[in-house]
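Spelled out, the chains give:
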Amino acid sequence: MNFSQRALNMQESPIRKLIPYAENAKKNGKKVYHLNIGQPDLETPKEFYDYIESNRQKVISYSHSAGLPELREAFADYYKRWNMGFEYEDIMITTGGSEAIIFALSAIADPGDEIIVIEPFYANYRGFAEMLNLKLKAVRALPENGYALPSKEEFEKVYSEKTRAVIFSNPSNPTGAVYTSEEVKRIVDFAEEKDIFVISDEVYKEFTFDGRKHVSVMEFEPKERFIVVDSISKRYSACGARIGVFATKNKKLFAQAMKFAQSRLCSPVVAQLGTVGLLKNLDEKYTEEMKNIYQQRRDAVYEELSKIEGISFKKPQGSFYVSVELPVDDSEEFVKFLLNDFDIDGETAMVAPLNGFYATEGSGKKEIRIAYVLEPQAIKKACRIIKEGIKAYNEK
Ligand SMILES: Cc1ncc(COP(=O)(O)O)c(C=O)c1O
């Protein structure tokens with residue numbers, strides 16, 4: 001019996017693969033601050049559970065493959081508030097934003113085709129591409145430019161006849177960059193010139209700091225070129241609910257993606273119901289509160305990181321991540337060291353090595369991603385652990 005080359009080639013999630021080290025640290029009595037994964041500590045709003053309870057079903061039956069009608073309607077209303085122009089029929093409920101990305105890539109690219117990514121990028125883009133035998137072609141965003149969008153020339157360099165789409169997250173995981181209108185337009189213009197799709201992953205669109213505004217790809221034309229990926233995971237601190245959205249104005253593309261949706265029947269119906277409760281009963285006030293909480297956390301991480309000598313990073317503008325270059329030879333070894341061999345008063349921290357967020361081999365070797373998803377005090381403590389940890393690691 002053999003395993004597929006596809007499975008053998010696939011990388012482990014850089015966010016999750018070091019978890020056994022954290023489990024071991026905990027077994028040895030250490031407290032671990034988890035800044036490795038985008039799992040917020042905030043409570044999932046009670047509106048989620050209330051709606052499920054008051055719409056209790058005798059039978060939890062399958063829903064339509066594109067989702068419960070009331071949920072698609074609720075999302076259509078929500079997107080109207082954001083002027084994104086999506087109607088009921090443009091919205092497909094998926095099992096997390098993850099499934100929306102898989103549907104998008106599956107519907108527009110064949111094995112061997114190429115997808116342009118802006119590296120460092122959300123690591124699972126690589127996982128999904130590997131699952132589907134697609135090739136990622138990377139343009140590099142540089143920390144010294146605040147991870148701004150690379151120039152058109154850089155995009156030209158990686159474009160080929162096999163390119164089918166550009167995929168990017170805005171605000172960015174893992175850099176925290178928030179693209180300006182000019183930057184988003186540059187991607188759109190490039191896609192238009194080359195006749196390819198744009199997959200715009202907007203799962204962090206609520207989290208933009210210092211008065212910045214999120215620019216959706218839906219502000220531009222032609223809309224049939226765009227697929228928007230969305231998710232309730234971070235917005236409502238409901239990662240485990242597994243509810244996302246695949247949205248497009250392109251009816252033919254929607255019909256192709258529907259075939260994938262039908263083959264997996266439907267997304268979890270109980271969680272779909274809870275999401276109706278979230279969308280109907282939480283308004284801009286909730287969004288504003290969440291944004292402020294993450295901005296405070298961003299300030300905490302920025303303040304503490306600024307005290308560490310020899311590191312380099314840019315103040316994040318959005319999402320809840322920061323990419324940081326450390327004065328260590330190998331960030332993955334450093335993460336293992338923090339978990340295995342280091343603590344302050346029985347406490348240590350876990351972060352994600354950034355190598356898995358690049359397509360270009362050998363990149364990100366000294367970088368980490370910090371997810372500032374804990375309370376400011378915990379973030380500060382974790383940053384101090386990283387600071388002292390760097391000294392101890394380099395002295396060993
Ligand atoms: C940029 C980005 N897109 C998509 C996802 C997938 O989210 P989910 O499948 O939980 O909706 C994540 C999760 O971390 C993400 O950071």
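Bear in mind the structure is a predicted one, so any value in this text is a computation, not a measurement.

Trainee: Before we go on, may I ask you to explain the site of the ligand in this structure?
Mentor: Around the ligand lies a shell of 14 residues, among which Gly97, Ser98, Asp201, Tyr204 and Ser231 are the nearest. At 2.7 Å, a side-chain N or O of Arg242 approaches an oxygen atom of the ligand. Isolated, the ligand exposes 390 Å² of accessible area, and the fraction of that covered by the protein chains is 94%. Tallying contributions element by element places helix H5 (residues 96-108) first for the shell around the ligand, with four residues. Split into classes, the residues belonging to the shell around the ligand amount to four nonpolar, seven polar and three charged.

Trainee: How do you make sense of the pairing of strand E11 (residues 347-350) when you look at a structure like this?
Mentor: Along a regular strand, successive side chains alternate from one face of the sheet to the other. Burial along E11 is two-sided: Glu347 and Ala349 and Thr348 and Met350, pointing in opposite directions, are all buried. Where strand E1 (residues 31-34) and E11 come together, four bridges link them in parallel fashion. Opposite Lys31, over in E11, you have Glu347 as the bridge partner.

Trainee: How should I be thinking about the pattern of salt bridges in this particular structure?
Mentor: Should their charged atoms come close, side chains of opposite charge can pair. Under the counting rule described, the total for this entry stands at 36 salt bridges. Where Lys223 meets Glu221, a salt bridge forms, and the shortest distance between an N and an O atom there is 3.1 Å. The buried category is assigned to Lys223, whose relative accessible area is 19%. Put simply, Lys285 and Glu289 hold a salt bridge, and the shortest N to O gap is 4.0 Å. Of the two residues, Lys285 and Glu289 are both situated in helix H11 (residues 284-305); the distance of four residues between them amounts to about one turn of the helix. By relative accessible area, Lys285 is classed as exposed at 59%. Salt bridges sharing common partners tie together Lys152, Glu156, Glu193 and Lys194.

Trainee: How should I be thinking about the packing of helix H2 (residues 19-27) against helix H12 (residues 331-341) in this particular structure?
Mentor: In the contact formed by H2 and H12, the axes pass within 8 Å of each other and the chain directions differ by 20 degrees. Taken together, the axis directions place H2 and H12 in an arrangement best described as roughly parallel. Every pair of crossing elements has a handedness; the one defined by H2 and H12 is left-handed. For the pair H2 and H12, the contacting residues are Tyr21, Ala22 and Ala25 in the first and Lys336, Leu339 and Asn340 in the second. Residue composition of the contact of H2 with H12, by class: four nonpolar, one polar and one charged.

Trainee: Can you help me understand the pairing of strand E4 (residues 135-140) in this one?
Mentor: Examined bridge by bridge, strand E3 (residues 114-119) and E4 share six bridges and lie parallel to one another. Each bridged residue has a counterpart across the sheet, and for Val117 the counterpart in E4 is Ala138. Viewed along the sheet, the connection from E3 through helix H6 (residues 124-131) into E4 turns out right-handed.

Trainee: What exactly am I supposed to notice about the packing of aromatic side chains here?
Mentor: Both the distance between ring centres and the angle between the ring planes are used here to describe each pair of aromatic rings. Under the defined criterion, the tally for this structure stands at 23 aromatic pairs. Seen in terms of ring centroids, Tyr302 and Phe313 are 5.7 Å apart; in terms of plane orientation they differ by 65 degrees. Their pairing is edge-to-face. Linking Tyr302 in helix H11 with Phe313 in strand E9 (residues 312-313), this pair joins segments that are 11 residues apart in sequence. Look at Tyr302 and you get partly exposed, because its relative accessible area is 32%. Judged by centre distance (5.5 Å) and plane angle (70 degrees), the rings of Phe337 and Tyr393 are edge-to-face. Of this pair, Phe337 sits in helix H12 while Tyr393 sits in helix H13 (residues 376-395), and the two are 56 residues apart along the sequence. Looking at Tyr393, the relative accessible area reads 6%, which means it is buried. Through pairs of rings, three or more aromatic residues link up here, namely Tyr204, Phe207, Tyr294, Phe320 and Tyr321.

Trainee: What is the right way to look at the domain arrangement of the chain in this model?
Mentor: It is common to report an interface's size as the accessible area lost on association of the parts. Under the domain assignment used here, the chain contains domain 1 (5-43 + 285-395) and domain 2 (46-282). Here the C-alpha centre of domain 2 lies 25 Å away from the C-alpha centre of domain 1. Between domain 1 and domain 2 lies a buried interface of about 3,400 Å² when both sides are counted; carbon and sulfur atoms form 54% of it. On inspection of domain 1 and its partner domain 2, the count reaches one salt bridge. Linking Asp210 and Arg298 is a salt bridge whose minimum nitrogen-to-oxygen distance equals 2.8 Å. At the junction of domain 1 with domain 2, the criterion picks out 21 residue pairs in polar contact (both at pLDDT 80 or more). No other element matches H11, which puts seven residues into the side of domain 1 that touches domain 2. Of the residues in the side of domain 1 that touches domain 2, the class split is 17 nonpolar, 14 polar and eight charged.

About the criteria used
- Residues numbered from 1 in each chain as written.
- Predicted model: local features only at pLDDT ≥ 70, side-chain atom pairs only at ≥ 80, totals over all residues.
- Heavy atoms only, no water.
- Near = heavy atom within 4 Å.
- Polar contact = N/O pair within 3.5 Å; in protein donor to acceptor, adjacent residues only side chain to side chain.
- Areas by Shrake-Rupley, 256 points an atom, 1.4 Å probe, with all protein chains shown as cover.
- Helix = DSSP H or I, 4+ residues; strand = E, 2+ residues; numbered from the N terminus.
- Nonpolar A, V, L, I, M, F, W, Y, C, P; charged D, E, K, R; others polar.
- Buried < 20%, exposed > 50% of the residue type's maximum accessible area, 1.4 Å probe, protein only.
- Pairing = 2+ DSSP bridges.
- Salt bridge = Lys/Arg side-chain N within 4 Å of Asp/Glu carboxyl O.
- Axes fitted to C-alpha atoms, helices over the stretch in contact; angles between N-to-C directions.
- Parallel < 35°, antiparallel > 145°, perpendicular 65-115°, else oblique.
- Left-handed = near helix turned anticlockwise from the far one by under 90°.
- Contact = heavy atoms within 4.5 Å.
- Right-handed = clockwise from strand over helix to strand, strands pointing away.
- Phe/Tyr/Trp six-rings, centres within 6.5 Å; stacked < 30°, edge-to-face > 60°.
- Domains from an automatic or database assignment.
- Buried area = accessible area lost by both parts, 1.4 Å probe.

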